[in-house]
Amino acid sequence: QVQLVESGGGLVQPGGSRRLSCAASGRSSGLGAMGWHRQAPGKQRELVARSFSGGTSVYADSVEGRFTISRDNAKNTVYLQMNSLKPEDTAVYYCNAFKATAWGTVDNYWGQGTQVTVSS
């Protein structure tokens, strides 16, 4: 099993910045893609950014140019630097990670979520 623990959420003013962290523990060696999703009240969970083990990253159009995902494989940690935050970025942010199993399947792990509120 892999445990994911997010931190860094909170209240931030519009235009401000925040950095989220997600630390993986347990059987966290050999993780594949890691990323961030978010879910706003009344909306479906959506992909925000994903970092692939090969070094490439993808972003949702709504955060492209404002958010940056990075990972420290030695620490099994993924980060989300959020700049120029907008009220519409308000959501619970969830970390997730993929790991291949010995049986050829892929497990998908989720953190408990951290609330980010953008408001003046």
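In the block above lies the structure referred to throughout.
Everything numeric here is computed off the predicted structure, so don't read it as measured data.

Draft legend 1. Fine view of the state of the cysteines. Under the defined criterion, the tally for this structure stands at one disulfide. Covalently, Cys22 is tied to Cys95 through a disulfide, its sulfur atoms 2.0 Å apart. One quick way to see it: the torsion about the S-S bond of Cys22 and Cys95 is about -80 degrees, and its sign makes the bridge left-handed. With a gap of 73 residues between them, Cys22 in strand β3 (residues 18-26) and Cys95 in strand β9 (residues 91-100) connect regions that are remote in the sequence. Cys95 carries the same exposure label as Cys22, and that label is buried.

Draft legend 2. The arrangement of unusual backbone geometry in detail. Of note, the phi angle at Asn76 is positive, near 50 degrees, even though the residue is not glycine. The residue Asn76 is located in the loop between β7 (67-72) and β8 (77-82) in this model. Of note in this structure, Ser84 is not a glycine but carries a positive phi near 50 degrees. Structurally, Ser84 is set in the loop between β8 and β9.

Draft legend 3. Structural detail: the sheet that holds β3. Sheet architecture is open: four strands sit in the order β1-β3-β8-β7, paired in antiparallel fashion. At either margin of the open sheet sits one strand with a lone partner, and together these are β1 (2-7) and β7. Averaged over all pairs of adjacent strands, the angle between strand axes in this sheet comes to 15 degrees, irrespective of strand direction. Where β7 lies against β8, six bridges are found, and the strand directions are antiparallel. Bridge pairing in β8 places Asp72 opposite Thr77.

Draft legend 4. Structural view of a nonpolar patch on the surface. Taken together, the side chains of Leu47, Phe52 and Val58 present a nonpolar region at the surface, about 200 Å² in accessible area. For Val58, the location among the structural elements is in strand β6 (residues 57-59).

Draft legend 5. A look at the side chain of Thr77. As for its position among the elements, Thr77 is in strand β8. Taking the relative accessible area as the measure of exposure, Thr77 reaches 8% and is therefore buried. There is a polar contact of 2.9 Å between the side chain of Thr77 and the backbone oxygen of Lys75. With near-sequence residues (within four places) excluded, Thr77 lies in contact with Cys22, Ala23, Ser70, Arg71 and Asp72.

Draft legend 6. Broad picture of the side chain of Ser21. Checked against the element boundaries, Ser21 lands in strand β3. The contact partners of Ser21, leaving out residues within four places of it in the chain, are Val5, Glu6, Ser7, Trp36, Val78 and Tyr79.

Draft legend 7. Inspection of the pairing of β8 at higher detail. Counting buried residues in β8 gives five out of six residues, a clear majority hidden from the surface. Across six bridges, β3 lies against β8 in antiparallel orientation. Pairing of Arg19 across the sheet is with Gln81, part of β8. Linkage of β7 to β8, two consecutive antiparallel strands, is achieved through a turn of four residues, within which Asn76 is found at a positive phi near 50 degrees.

The rules we used
- Residues numbered from 1 in each chain as written.
- Predicted model: local features only at pLDDT ≥ 70, side-chain atom pairs only at ≥ 80, totals over all residues.
- Heavy atoms only, no water.
- Disulfide = S-S within 2.5 Å.
- Helix = DSSP H or I, 4+ residues; strand = E, 2+ residues; numbered from the N terminus.
- Buried < 20%, exposed > 50% of the residue type's maximum accessible area, 1.4 Å probe, protein only.
- Pairing = 2+ DSSP bridges.
- Axes fitted to C-alpha atoms, helices over the stretch in contact; angles between N-to-C directions.
- Patch = residues over 30% accessible without salt bridge, like charges linked within 9 Å, V, L, I, M, F, W, Y side chains within 5 Å.
- Areas by Shrake-Rupley, 256 points an atom, 1.4 Å probe, with all protein chains shown as cover.
- Salt bridge = Lys/Arg side-chain N within 4 Å of Asp/Glu carboxyl O.
- Polar contact = N/O pair within 3.5 Å; in protein donor to acceptor, adjacent residues only side chain to side chain.
- Contact = heavy atoms within 4.5 Å.

Take it as geometry only, folks, not as evidence of what the structure does.
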